[in-house]
Amino acid sequence: LFDGVYPFYPQPRKAAVFDISSIIVIVVFLTLACSFLLIIPGIRGRARLYWTLRVLLSLFVGVVIVVVQFTGDWESGWVQANTSYKSFSPVQVNADIGLHIGLAGVNVTLRGNPVEQINETINYNEHFPWSFGEDYDHSYSQGLHKGLPSPILYVAEKFSSQSPCAVHRQYRIAGHYASAMLWVAFCTWVISNILFSMPVLVYGGYMLLATGAFMIFSLLSFSTVRNSPMCLIQIGTRTLHVAYGGSFWLMLAIGLLCLVVGITIVAMHHLSLDLLKTFFDLREDKAEEYQEMPEVFINPHFVSKGL
């Protein structure tokens, strides 16, 4: 104790799944959605339903692509065990230990059962980054200097570059390329929306197919870490196992959705163009295109000359 205060957490904690970047992205996309909902009453007829479905679905795809860049549950796992709390101390506590792996780093959570044990509040959540520009080993060393609980340091040590597990490099590179693929998917998503508004429907469908493809490529890139054998994380008598988390399965669902929608748009362009234009509210343009001119002026000189 230093003046009655534990020497932990000189900086704010980081959330295990959501952080401030995710909240900012969600607020921005919610603002766009609310702005659209304010103008939707000005659209008449069934086109109002079509516009609402298209815009909200497109915004949902966009926010998912960006938010999963900052989430920490691409892989996750929990275990409840009796474990030592401090180094060089025989005192044990009953706690839930959670491991959350994201594209940019790993979060380790320690929560007591109950939270108040041995006259302390056992509720920790630590983030150790490994993205390019960050030093995982330095972050781990800072955890040692702060005197973090033994279970957190034990789990974090498994992902350090000096660990015999040798998974640090695989996770770091896989997360980097998965993030790059997602940013490319975000760019193709923006281009698809531009093409749909021009409107060039079939090319918008092609770009939506590219968006889904890059999302699937990002999942394949991240899943390459499974090729490396993972060391057992033994806590007490229990073993902590990790599995694909919510962000991974959400990305898979949205990627498949983009592929299905893109294939549907391309197929409708070749099989039922009128129905496709009805969904995109373009039938009026076609009617004006083939509308007969109300009055035609003919030059009799050219008519007689042609005869």
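Residues numbered from 1 in each chain as written. Predicted model: local features only at pLDDT ≥ 70, side-chain atom pairs only at ≥ 80, totals over all residues. Heavy atoms only, no water.

**Q** Would you mind going over the state of the cysteines in detail, with residue names and values included?
**A** This structure, assessed with the given rule, holds one disulfide. Linked covalently through their sulfurs, Cys165 and Cys231 form a disulfide whose S-S length is 2.2 Å. Where Cys165 bonds to Cys231 through sulfur, the torsion about that S-S bond is close to -130 degrees, and the disulfide is left-handed. With Cys165 in the loop between helix 4 (150-157) and helix 5 (168-197) and Cys231 in the loop between helix 6 (201-223) and strand 5 (233-235), this residue pair connects regions lying 66 residues apart in the sequence. Given a relative accessible area of 27%, Cys231 falls into the partly exposed group. (Disulfide = S-S within 2.5 Å. Helix = DSSP H or I, 4+ residues; strand = E, 2+ residues; numbered from the N terminus. Buried < 20%, exposed > 50% of the residue type's maximum accessible area, 1.4 Å probe, protein only.)

**Q** So, the packing of aromatic side chains: which residues are in play, and what are the values?
**A** Tallying each qualifying case throughout the model produces 17 aromatic pairs. Ring geometry for Phe29 and Trp189: centres 6.2 Å apart, planes at 50 degrees, overall tilted. On the criterion of sequence distance, the pair formed by Phe29 in helix 1 (residues 20-39) and Trp189 in helix 5 is long-range, its members being 160 residues apart. Residue Phe29 is classed as buried on the basis of its relative accessible area of 12%. The buried category is assigned to Trp189, whose relative accessible area is 10%. Plain terms: the ring middles of Phe159 and Tyr171 are 5.7 Å apart, the flat faces sit at 70 degrees to each other, and that makes the pair edge-to-face. With a gap of twelve residues between them, Phe159 in the loop between helix 4 and helix 5 and Tyr171 in helix 5 connect regions that are remote in the sequence. As far as the burial class goes, Phe159 and Tyr171 line up, both buried. Aromatic ring contacts, followed pair by pair, group Trp74, Phe128, Trp130, Tyr136, Phe159, Tyr171, Phe222, Tyr244, Phe248 and Trp249 into a single cluster. Lying across the ring of Trp51, Arg54 places its NZ or CZ 4.4 Å from the centre. (Phe/Tyr/Trp six-rings, centres within 6.5 Å; stacked < 30°, edge-to-face > 60°. Lys NZ or Arg CZ within 6 Å of the ring centre and 35° of its normal.)

**Q** So, the UniProt feature "transmembrane region" (unreviewed entry) in the protein chain: which residues are in play, and what are the values?
**A** The feature "transmembrane region" (unreviewed entry), as annotated in UniProt, sits at residues 20-39, 51-70, 177-196, 203-222 and 242-267 in this numbering. Between the C-alpha atoms that bound residues 51-70 there is a distance of 30 Å. The span itself is 85% helix and 0% strand. (UniProt positions renumbered as here; feature names shortened; annotations may be inferred.)

**Q** Mind laying out the nonpolar core, listing which residues take part and the relevant values?
**A** Trp74, Leu99 and Phe159 are the most contacted members of the largest nonpolar core, which totals 69 residues. With nine residues, helix 2 (residues 47-67) is the largest single contributor of residues to this core. (Core = buried A, V, L, I, M, F, W, Y, C linked by side-chain atoms within 4.5 Å.)

**Q** Explain the packing of helix 2 against helix 7 (residues 246-271) to me, and be specific about the residues and the numbers.
**A** Running from N to C, helix 2 and helix 7 cross one another at 140 degrees; their axes reach a closest spacing of 11 Å. Taken together, the axes of helix 2 and helix 7 are oblique relative to one another. The way helix 2 lies across helix 7 gives a crossing that is left-handed. The residues of helix 7 that touch helix 2, namely those facing Leu57, Phe60, Val61 and Val64, are Leu250, Met251, Ile254, Leu257 and Cys258. Its residues assigned to classes, the contact of helix 2 with helix 7 comprises nine nonpolar, no polar and no charged. (Axes fitted to C-alpha atoms, helices over the stretch in contact; angles between N-to-C directions. Parallel < 35°, antiparallel > 145°, perpendicular 65-115°, else oblique. Left-handed = near helix turned anticlockwise from the far one by under 90°. Contact = heavy atoms within 4.5 Å. Nonpolar A, V, L, I, M, F, W, Y, C, P; charged D, E, K, R; others polar.)

**Q** Which residues make up the environment of Leu219, and what values go with them?
**A** Mapped onto the fold, Leu219 is located in helix 6. Its relative accessible area of 5% is what places Leu219 among the buried residues. With 32 residues separating them in the primary sequence, Leu219 and Met251 have C-alpha atoms 7.6 Å apart.

**Q** So what about the confidence of the model for the protein chain? Which residues, and what values?
**A** In the predicted model, the protein chain carries a mean pLDDT of 82, and the fraction of residues at 70 or more is 85%. Note on residues 285-293: pLDDT is under 50 here. Beyond four places in sequence and across chains, it has one contact. (pLDDT = per-residue confidence, 0-100.)

**Q** So what's going on with the packing of helix 6 against helix 7? Residues and values would help.
**A** Contact geometry for helix 6 and helix 7: axes closest at 8 Å, N-to-C directions at 155 degrees. Considering the angle they form, helix 6 stands roughly antiparallel to helix 7. Read as a crossing pair, helix 6 and helix 7 show a hand that is left-handed. Residue composition of the contact of helix 6 with helix 7, by class: 21 nonpolar, eight polar and no charged.

**Q** Any details on the side chain of Ser58? Residues and values, ideally.
**A** Among the structural elements, Ser58 can be located in helix 2. Among the residues examined, Ser58 registers a relative accessible area of 15% and is labelled buried.

**Q** Report on the pairing of strand 3 (residues 105-117), specifying residues and quantitative values.
**A** Where strand 2 (residues 92-101) lies against strand 3, seven bridges are found, and the strand directions are antiparallel. Opposite Ile101, over in strand 3, you have Val106 as the bridge partner. The antiparallel hairpin formed by strand 2 and strand 3 contains three residues in its connecting segment. Summarising the sheet, strand 3 and strand 4 (residues 120-129) pair through nine bridges and their orientation is antiparallel. (Pairing = 2+ DSSP bridges.)

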